There are 2 protein chains.
Amino acid sequence: APPDYQGIGTAFVSHYYNLFDTSRASLAPLYRPTSLLTFEGEPFMGVDPILTKLTTLPFAKVVHQVTTSDFQPVMPDPVAPGMPAPPASVLVFVSGSLMVDDSPNPLKFSQVFHLSPDPANPMSYWVRNDMFRLNYA
Amino acid sequence: APPDYQGIGTAFVSHYYNLFDTSRASLAPLYRPTSLLTFEGEPFMGVDPILTKLTTLPFAKVVHQVTTSDFQPVMPDPVAPGMPAPPASVLVFVSGSLMVDDSPNPLKFSQVFHLSPDPANPMSYWVRNDMFRLNYA
């Protein structure tokens with residue numbers, strides 16, 4: 001059966017942008033050594049490189065406003081006949097606006113997350129893939 | 001080792017939008033019975049529902065112009081100690097503009113694809129996940 005991907009995705013989006021907008025360093029537990037971030041085309045891998053990028057973005061205040069959020073389960077095939085399929089993960093696709101510092105002009109963005117369950121705790125998801133883009137008008 | 005995700009993704013994006021803009025029905029071989037499409041928030045599963053949606057969109061002519069395309073490998077964990085990891089797949093994240101019929105006003109869009117290798121032919125990828133959104137100004 002697929003996981004409750006709508007519930008997982010909805011909770012993740014709320015949690016992620018709340019942390020991002022209040023305490024970016026607190027995002028660290030969501031990433032792992034194999035996590036990948038592509039931020040405006042620039043690639044990062046692992047907790048420290050990703051957190052360094054996110055915490056050194058050139059603004060002091062940021063507020064994300066989510067306009068759309070879509071979720072899908074990722075249901076892998078069995079690896080071999082008779083073997084159980086790997087656990088399902090969740091794709092998250094967000095679009096919205098960013099208010100940066102005291103600029104009156106919101107920036108449009110879209111972002112993709114691929115959330116994987118922790119093998120030791122299938123109720124706990126981490127960010128395996130993260131891709132962020134500003135959408136210029 | 002990760003697949004050549006940049007090459008696979010680049011070839012896919014070119015192939016996909018070329019087919020979409022010239023012969024939407026020709027996209028059918030890219031989807032499978034378990035493929036998921038979320039189009040402007042509306043969910044579809046399987047080749048026929050997805051193709052019906054794509055081929056009945058209310059325009060006769062469409063041209064996609066890709067502005068940004070980002071690619072990441074999805075490297076699954078082994079299912080059990082000593083077992084090989086499932087084959088890697090590829091995440092594709094596109095933003096761009098749509099020119100519809102003879103409208104002079106391009107529409108901004110962003111789209112996510114999750115491409116999985118065919119177990120019987122690991123050089124052949126199919127669309128496991130597809131999420132499309134127009135980005136209104």
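Here's a quick rundown of the structure. (Residues numbered from 1 in each chain as written. Chains lettered and ligands numbered in written order. Predicted model: local features only at pLDDT ≥ 70, side-chain atom pairs only at ≥ 80, totals over all residues. Heavy atoms only, no water.)

## A word on the interface of chain B and chain A
The condition is simple: Note on contacts: a residue pair qualifies if any of its non-hydrogen atoms lie within 4.5 Å across the two residues. Buried area: the accessible area, evaluated with a 1.4 Å probe, that two parts lose upon being put together, summed over both parts. One side-chain nitrogen of Lys or Arg within 4 Å of one carboxyl oxygen of Asp or Glu is enough to make a salt bridge. We define a polar contact as two N or O atoms separated by no more than 3.5 Å, with the added condition that, inside protein, one atom must be a possible hydrogen donor and the other a possible acceptor, whereas residues neighbouring each other in sequence contribute only through side-chain atom pairs. Secondary structure is summarised from DSSP: a helix means a run of H or I of at least four residues, a strand means a run of E of at least two, and numbering begins at the N terminus for each. Polarity classes work like this: nonpolar for Ala, Val, Leu, Ile, Met, Phe, Trp, Tyr, Cys and Pro, charged for Asp, Glu, Lys and Arg, and polar for all others, with Gly in that last group.
Opposite the 37 residues of chain B that make contact, chain A presents 36 residues. The junction of chain B with chain A conceals about 2900 Å² of combined surface from both sides, 62% of it contributed by carbon and sulfur atoms. For chain B, the biggest contributors to the area lost against chain A are Gln 72, Phe 93 and Met 131 of chain B; these three give 22% of the whole. For the pair chain B and chain A, the interface holds two salt bridges. Where chain B meets chain A, there are 15 residue pairs in polar contact (both at pLDDT 80 or more). Sorting the residues of the side of chain B that touches chain A by element identifies strand 1 (36-39), strand 3 (62-74), strand 4 (89-100), strand 5 (107-118) and strand 6 (121-134) of chain B as the ones contributing at least two each. Across the side of chain B that touches chain A, the residue classes break down as 21 nonpolar, 10 polar and six charged.

## Brief notes about the relation of the copies chain B and chain A
Short version of the rule: Residues reaching a pLDDT of at least 70 in both copies supply the C-alpha atoms on which the copies are superposed by least squares.
The operation relating chain B to chain A is a screw motion whose rotation component is 180°, with 0.0 Å of axial translation and a residual RMSD of 0.0 Å. On this basis, the relationship between the two copies can be described by a two-fold rotation axis. With an isologous cut-off of 70% or more, the 97% of interface residues of chain B that recur at the interface of chain A puts this contact in the isologous class.

## Some thoughts on the sheet that holds strand 4 (residues 89-100) of chain A
Residue and element names in this part refer to chain A. In plain terms, the rule: Two strands make a pair as long as DSSP finds a minimum of two bridges between them. For helices, the axis comes from a line fit to the C-alpha atoms of the stretch in contact; other axes are also lines fit to C-alpha atoms, and the angle between any two N-to-C directions lies between 0 and 180 degrees.
Here we have six strands laid out as an open sheet, ordered 2-1-6-5-4-3, and mixed in their pairing. Each end of this open sheet is capped by a strand with a single partner; those strands are strand 2 (42-45) and strand 3 (62-74). Across the sheet, the mean angle separating the axes of adjacent strands is 25° when strand polarity is ignored. Sheet topology places strand 1 (residues 36-39) next to strand 6 (residues 121-134); four bridges connect them, and they run parallel. The partner of Phe 39 across the bridge, within strand 6, is Phe 132. Relative to strand 3, helix 1 (residues 5-22) is tilted by about 155°, and along the sheet it contacts strand 3, strand 4, strand 5 (107-118) and strand 6.

## Observations regarding the pattern of salt bridges
Residues and elements named next belong to chain A. For clarity, the cut-off: Three labels apply to residues, based on accessible area from a 1.4 Å probe with only protein chains included: buried if under 20% of the type maximum, exposed if over 50%, partly exposed otherwise in between.
For the coordinates displayed, the defined rule picks out eight salt bridges over all chains. Close ionic contact of Asp 102 with Lys 61 constitutes a salt bridge, the shortest N to O distance being 3.0 Å. Within this pair, whereas Asp 102 is found in the loop between strand 4 and strand 5, its partner Lys 61 is found in the loop between helix 2 (47-55) and strand 3, the two being separated by 41 residues in sequence. Owing to a relative accessible area of 66%, Asp 102 belongs among the exposed residues under this scheme.

## Concerning the sheet that holds strand 4 of chain B
The pairing of strands in a sheet happens through backbone hydrogen bonds and is either parallel or antiparallel. Residues and elements named next belong to chain B. Spatially, 2-1-6-5-4-3 is the arrangement adopted by the six strands of the open sheet, whose pairing is mixed. Looking at strand neighbours, the two that pair on one side only are strand 2 (42-45) and strand 3, the edges of this open sheet. Within the sheet, the average angular offset between the axes of one strand and its neighbour, ignoring direction, is 25°. Two elements, strand 4 and strand 5, share nine bridges in a ladder whose sense is antiparallel. Of the residues in strand 5, the one forming a bridge with Val 90 is Leu 115. Packing against the sheet, helix 1 (residues 5-22) makes contact with strand 3, strand 4, strand 5 and strand 6, and its axis sits at approximately 155° to strand 3. Contacts from helix 2 (residues 47-55) reach strand 1 and strand 2, with the element oriented near 30° to strand 1.

Function cannot be inferred from these measures alone, as they are strictly geometric.
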